[in-house]
Amino acid sequence: VQLQASGGGLVQAGGSLRLSCAASGRTFSTYVMGWFRQAPGKEREFVAAISWSGGSTYYLDSVKGRFTISRDNAKNTVYLQMNSLKPEDTAVYYCAASPRRWGPVIQVVPTTFYNYWGQGTQVTVSS
């Protein structure tokens, strides 16, 4: 599976962005998909994940109510809608894919759950 993230950019605090992650391969619909972010000098951090069907999602507490993860299996694409952006959301955002089954949500948080990673897209939120 190859992943291509896009949609990042510079936005003012309170603004919105929608990230997209296009995946190659016919098995996309069977993968758990996740979004992570990494700010300078910090470790990569879990942001959100979605099950293969889209029926289950899980979010980092600090983005709940502001970010929404979704997927379109017909288009092999996963999205991250980010609203009410804050300067602390500034980071490089990565999408990731896992062939593992969706189970207890805590399992989808570690980076080790995911086998495939996109190249990252920069999101910068100015105050």
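Our subject is the structure that appears above.
Going along each chain's sequence as written, the residues are numbered from 1 onward. Per-residue local features are limited, in this predicted model, to residues with pLDDT of at least 70; the limit for side-chain atom pairs, both in listing and counting, is 80 or more; totals at the level of whole chains, interfaces and linings are taken over all residues. The side-chain figures draw on all heavy atoms in the structure; neither hydrogens nor water molecules are used.

Colleague: Any chance you could explain the packing of aromatic side chains here in plain terms?
Modeller: Centre-to-centre distance and the angle between the planes together describe a pair of aromatic rings. A pair of Phe, Tyr and Trp rings is counted when the ring centres sit within 6.5 Å of each other, with Trp represented by its six-membered ring. The angle between the planes then sorts it: under 30 degrees is stacked, over 60 is edge-to-face, the rest tilted. Overall, the coordinates contain 7 aromatic pairs when judged by the stated rule. On the numbers, 5.8 Å between centres and 35° between planes, the contact of phenylalanine 46 with tyrosine 58 is tilted. With a gap of 12 residues between them, phenylalanine 46 in strand 5 (residues 45-50) and tyrosine 58 in strand 6 (residues 57-59) connect regions that are remote in the sequence. Only protein chains enter the area calculation, which uses a 1.4 Å probe; residues under 20% of their type maximum are buried, those over 50% are exposed, and those in between are partly exposed. By relative accessible area, tyrosine 58 is classed as partly exposed at 23%. Two thresholds decide whether a charge sits over a ring: the Lys NZ or Arg CZ must be within 6 Å of the ring centre and within 35 degrees of the ring normal. Looking at arginine 44, its charged tip hangs above the ring of tryptophan 117, at a distance of 5.0 Å from the centre. Labels follow the DSSP assignment, with helices taken as runs of H or I lasting at least four residues and strands as runs of E lasting at least two, numbered in each case from the N terminus.

Colleague: Please explain the pattern of salt bridges as it appears in this structure.
Modeller: Pairing is possible between side chains of opposite charge, provided their charged atoms come close. Between Lys or Arg on one side and Asp or Glu on the other, a salt bridge is scored when a side-chain nitrogen of the former is within 4 Å of a carboxyl oxygen of the latter. By the definition in use, this model includes 4 salt bridges. Across the pair glutamate 45 and arginine 37 runs a salt bridge whose closest N-O atoms are separated by 2.8 Å. On the accessibility criterion, glutamate 45 (32% relative accessible area) is partly exposed. For arginine 66, the salt bridge identified is with aspartate 89, shortest N-O distance 2.8 Å. You can see arginine 66 sitting in the loop between strand 6 and strand 7 (67-72) and its partner aspartate 89 sitting in the loop between strand 8 (77-82) and strand 9 (91-98), a full 23 residues away along the chain. Exposure remark for arginine 66: the relative accessible area of 10% places this residue in the buried category. The exposure class of aspartate 89 is buried, given its relative accessible area of 1%.

Colleague: Explain the sheet that holds strand 3 (residues 17-23) to me, please; I cannot follow it from the model alone.
Modeller: Note on sheets: strands pair through backbone hydrogen bonds, and any given pair is parallel or antiparallel. Should DSSP find at least two bridges between two strands, the strands are regarded as paired. Read across the sheet, 4 strands follow the order 1-3-8-7 without closing on themselves; strand pairing throughout is antiparallel. At either end of the open sheet lies a strand with only one pairing partner, and these are strand 1 (3-6) and strand 7. Averaged over all neighbouring strand pairs, the angle between strand axes comes to 15°, with direction disregarded. Sheet topology note: the strand 7/strand 8 ladder contains 6 bridges and is antiparallel. For arginine 71, the partnering residue across the bridge sits in strand 8 and is valine 78. In this analysis an axis means a line fitted to C-alpha atoms, helices contributing only their contacting stretch, and an angle means the value between N-to-C directions, from 0 to 180 degrees.

Colleague: Looking at this model, I keep getting lost on the environment of serine 62. Mind explaining?
Modeller: On the secondary structure map, serine 62 appears in the loop between strand 6 and strand 7. For the pair serine 62 and leucine 19, spaced 43 residues apart in the sequence, the C-alpha separation amounts to 18 Å.

Colleague: Sorry, what's going on with the environment of tyrosine 79 here?
Modeller: Along the chain, the position of tyrosine 79 falls in strand 8. In this structure tyrosine 79 touches Arg18, Leu19, Ser20, Trp35, Thr68, Ile69, Ser70 and Asp72, once residues within four positions along its chain are discounted. Contacts: residue pairs with any heavy atoms within 4.5 Å of one another.

Colleague: Even after reading the chapter, I still don't get the environment of glycine 120, so can you show me in this structure?
Modeller: Summarising the element assignment, glycine 120 is placed in the loop between strand 10 (116-117) and strand 11 (121-126). For glycine 120, a relative accessible area of 16% puts it in the buried group. For the pair glycine 120 and tyrosine 93, spaced 27 residues apart in sequence, the C-alpha to C-alpha distance is 5.2 Å. Setting aside anything within four residues of it in sequence, one finds glycine 120 in contact with Ala5, Val92, Tyr93 and Tyr94.

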